[in-house]
Amino acid sequence: MLDLNFVRDNLPLVEEKLRQRGANAAEILKDFAAIDSERRQAITAAEALQARRNRASEEIAKLKKSGQDASLQINETKELREQIQASEKKAAEQETRLREMLAAIPNLPHSSVPVGRSADDNVEARRSGTPPKFDFMPKPHWELGEQLGVLDLERAAKLSGARFAVYWALGARLERALANFMLDLHSKEHGYTEVLPPYLVNSESMYGTGQLPKFAQDLFRVPHGEKDLWLIPTAEVPVTNLYRDEVLEAAQLPVSLTAYTPCFRSEAGSYGKDVRGIIRQHQFQKVELVKFARPENSYDELEKLTHHAESVLQKLGLHYRVMSLCTADMGFSSAKTYDIEVWLPGQNLFREISSCSNFESFQARRANIRYKPVGKSKTEFLHTLNGSALAVGRTWVAILENYQQADGSIRIPEALQPYMGTDRIPAKPAA
């Protein structure tokens, strides 16, 4: 959420930044200025009326003390009280309208974000490695998984419907090995603290990170008593909200956390996209990185976090590129995002495997996460960041497609072999 005073004082800038995002600024901001003006007028009126009521109360006390009739003044204070209540009610109603409008305004892109109209305008920041060379036609992971007997989409559909997967044998072990490898890398080498959060969260948590109210259709809601719970779409939600309504000391920052969780997304509106294999699933697993940083350091922390995510691919020997997302392709809460895209030879394309974002104070303001700067008496909103490091299922896909062999087996990258207990997934014998 943006700061009310910032929006009020910088409406032309906010409108321009929203247009850069490809958003309809007039539709989003609507009559923001008029509502804000009415709210401030109502507050001013209430304060003026209260001052009159205070003076009348003082006069009543003097009249009573001198034995004079104060009935006129008493009636006046009653009328003033009613007028004050009406003004306060109007101010509160306009405040609610403003808060609803603020909740619907996306974050503003950082000045370093390339301006663009679509994903075609994203800018490549760097790439690492080279694509593997094959002396045969590489297969996509859905064919490899079925032939190896490690990926079963048909039985998953029987259990749950489309966009679910069952992993068997070394396929299941590879998923677990990747998660353990990533957690060890980030906690032991990069200094993140591992945390295991709940997979169901309340609406306040979803609001804090920006999923609610705008993206309710993309979530799985679980009615629970008088309140709803929600299956998490990413560990970003519970991990960021760990510090909701709390104040951190400046000396604690940056706080760096990592978590491995399942993620649940209804993928509303995405049907027809990535229908083959396990690229777009209702349930998948991720290792997430979350940072809480001082505002002056948050963009340095974004670079660090992105490099930490990249290091997974580097250690696995996978070819990838880093894209700086343009203004029109960023998520609702992000001020700047890098997408890491891994090369998938079986599909002959790069595929997103991580998004690393700086939300600045956008989430912190919604979730009321503050810190106390050194030497200052007042608290301030800190900056939150997060990134996948990595999406485990898509890394699983990348291993199969990049390390497939002519005999149908899959070679296991050296970094994963201690976790797998083997150096390959063998091909199934011919029937």
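Predicted model only: the values in this text are computed from it and were never measured. (Residues numbered from 1 in each chain as written. Predicted model: local features only at pLDDT ≥ 70, side-chain atom pairs only at ≥ 80, totals over all residues. Heavy atoms only, no water.)

## A closer look at the overall build of the chain
Counted only if it meets this: Only DSSP runs of H or I with at least four residues qualify as helices, and only runs of E with at least two residues qualify as strands; both kinds are numbered from the N terminus onward. In this setup the radius of gyration rests on C-alpha atoms only. A globule is expected at 2.2 Å times the number of residues raised to 0.38. Under the scheme applied here, a residue whose accessible area is under 20% of the maximum for its type counts as buried, over 50% as exposed, and between as partly exposed, the area being computed with a 1.4 Å probe on protein chains only.
The number of helices and strands found in the chain is 14 helices and 18 strands. Relative to a compact globule of 431 residues, whose C-alpha radius of gyration would be 22 Å, the chain shows 28 Å and is clearly more extended. Along the first, second and third principal axes, the C-alpha atoms of the chain reach 110 × 45 × 40 Å. Looking at the chain residue by residue over its 431 residues, the buried ones come to 49%.

## A word on the packing of helix α8 (residues 169–189) against helix α11 (residues 298–316)
Spelled out, the test is: To get an axis, a line is fitted to the C-alpha atoms, and for a helix only the part in contact is used. The angle between two axes follows their N-to-C directions and goes from 0 to 180 degrees. Angles below 35 degrees are treated as roughly parallel, those above 145 as roughly antiparallel, those between 65 and 115 as roughly perpendicular, and all remaining angles as oblique. Rotating anticlockwise by less than a right angle from the far helix to the near helix defines a left-handed crossing, while the corresponding clockwise rotation defines a right-handed one. Should any heavy atoms of two residues lie within 4.5 Å, those residues are counted as being in contact.
Between α8 and α11, whose axes approach to 11 Å, the crossing angle comes to 125°. Taken together, α8 and α11 sit at an angle that is classed as oblique. Crossing geometry of α8 relative to α11 is assigned as right-handed. Residues Leu 178, Phe 181, Met 182, Leu 185, His 186 and Glu 189 of α8 touch α11, and the partners they reach there are His 308, Ser 311, Val 312, Lys 315 and Leu 316.

## Brief notes about the sheet that holds strand β6 (residues 220–224)
Threshold: In this description, strands pair whenever DSSP reports at least two bridges between them.
The three strands lie next to each other as β5-β7-β6, forming an open sheet whose pairing is antiparallel. Looking at which strands have only one partner, the edges of the open sheet turn out to be β5 (200–202) and β6. The average undirected angle you get between the axes of adjacent strands in this sheet is 40°. Judged from the three bridges that link them, β5 and strand β7 (residues 227–231) form a sheet pairing that is antiparallel. Bridging across to β7, Val 201 finds its partner in Trp 230.

## Focus on the sheet that holds strand β8 (residues 247–249)
One open sheet holds the three strands; their spatial order is β8-β14-β15, and the pairing between them is mixed. Edge positions in the open sheet fall to β8 and β15 (380–381), since each of these has one partner strand only. As judged from the three bridges shared by β8 and strand β14 (residues 370–372), these two strands associate in the parallel manner. Bridge pairing in β14 links Glu 249 to Lys 372.

## Some remarks on the environment of Gln 283
Short version of the rule: Under the rule applied, a polar contact is a pair of N or O atoms within 3.5 Å (in protein, one hydrogen donor and one hydrogen acceptor; residues adjacent in sequence only if both atoms are side-chain atoms).
Within the fold, Gln 283 resides in strand β10 (residues 283–293). Put simply, Gln 283 and Arg 163 are 120 residues apart on the chain and 7.7 Å apart in space, counted from C-alpha to C-alpha. With residues up to four places along the chain from it excluded, the contact list for Gln 283 reads Arg 163, Phe 164, Cys 263 and Phe 264. Within the structure, the side chain of Gln 283 is placed 3.5 Å from the side chain of Gln 285, a separation counted as a polar contact.

## Here we look at the packing of aromatic side chains
Inclusion rule: Pairing of aromatic side chains requires ring centres within 6.5 Å, counting the rings of Phe and Tyr and the six-membered ring of Trp. Pairs whose planes differ by under 30 degrees are stacked, by over 60 edge-to-face, and all others tilted. A positively charged side chain is recorded as over a ring if its NZ (Lys) or CZ (Arg) lies within 6 Å of the ring centre. The angle to the ring normal must also be within 35 degrees.
Scanning the entire structure with this criterion turns up seven aromatic pairs. Judged by centre distance (5.1 Å) and plane angle (75°), the rings of Tyr 167 and Trp 396 are edge-to-face. On the criterion of sequence distance, the pair formed by Tyr 167 in strand β3 (residues 166–167) and Trp 396 in helix α13 (residues 392–402) is long-range, its members being 229 residues apart. Trp 396 sits in the buried class, given a relative accessible area of 0%. With centroids separated by 5.0 Å and ring planes inclined at 85°, the aromatic side chains of Tyr 243 and Phe 292 adopt a geometry described as edge-to-face. Remark: Phe 292 occurs in strand β10 and Tyr 243 occurs in the loop between α10 (236–240) and β8; sequence separation between them is 49 residues. Note on Tyr 243: relative accessible area 18%, which makes it buried. A cation over a ring is seen here: Arg 366 above Tyr 207, with NZ or CZ 4.2 Å from the ring centre. The ring of Phe 381 carries the charged tip of Arg 370 above its face, separated from the ring centre by 4.1 Å.

## Notes on the pattern of salt bridges
For the record, the criterion: Here a salt bridge means any side-chain nitrogen of Lys or Arg lying within 4 Å of a carboxyl oxygen belonging to Asp or Glu.
Within this structure, the stated rule accounts for 21 salt bridges. The partner of Asp 36 in a salt bridge is Arg 8, and the shortest N-O contact between them spans 2.6 Å. Placement of the pair is Asp 36 in helix α4 (residues 32–65) and Arg 8 in helix α1 (residues 4–9), with a sequence separation of 28 residues. By relative accessible area, Asp 36 is classed as buried at 2%. Here Asp 228 makes a salt bridge to Arg 221, at a shortest N to O gap of 3.4 Å. Judged by relative accessible area, which is 28%, Asp 228 ranks as partly exposed. According to the relative accessible area criterion, Arg 221 is partly exposed, its value standing at 48%. One network of salt bridges, with partners in common, ties together Arg 8, Asp 36, Arg 39, Arg 40, Glu 95 and Arg 99.

## Re the state of the cysteines
Worth spelling out the cut-off: Pairs of cysteine sulfur atoms within 2.5 Å are what we label disulfides.
Counted under the stated rule, the structure contains zero disulfides. Between Cys 356, a free cysteine, and Cys 263, which holds the nearest cysteine sulfur, the sulfur-to-sulfur gap is 14 Å.

## Thoughts on unusual backbone geometry
Looking along the chain, the bond that leaves Leu 253 and enters Pro 254 is cis, with omega of 0°. By the element assignment, Pro 254 lies in the loop between β8 and β9 (255–264). Cis rather than trans, the peptide bond between Ala 389 and Leu 390 has omega equal to 10°. Summarising the element assignment, Leu 390 is placed in strand β16 (residues 383–391). The residue Asp 245 is not glycine, and still its phi comes out positive at about 60°.

## Focus on the pairing of β6
A regular strand places its side chains so that they alternate between the two faces of the sheet. The pairing of β6 with β7 spans five bridges and is classified as antiparallel. Bridged to Arg 221 within β7 is Trp 230. Counting the residues in the hairpin turn of β6 and β7 gives two residues, including Gly 225, whose phi is positive at 65°.

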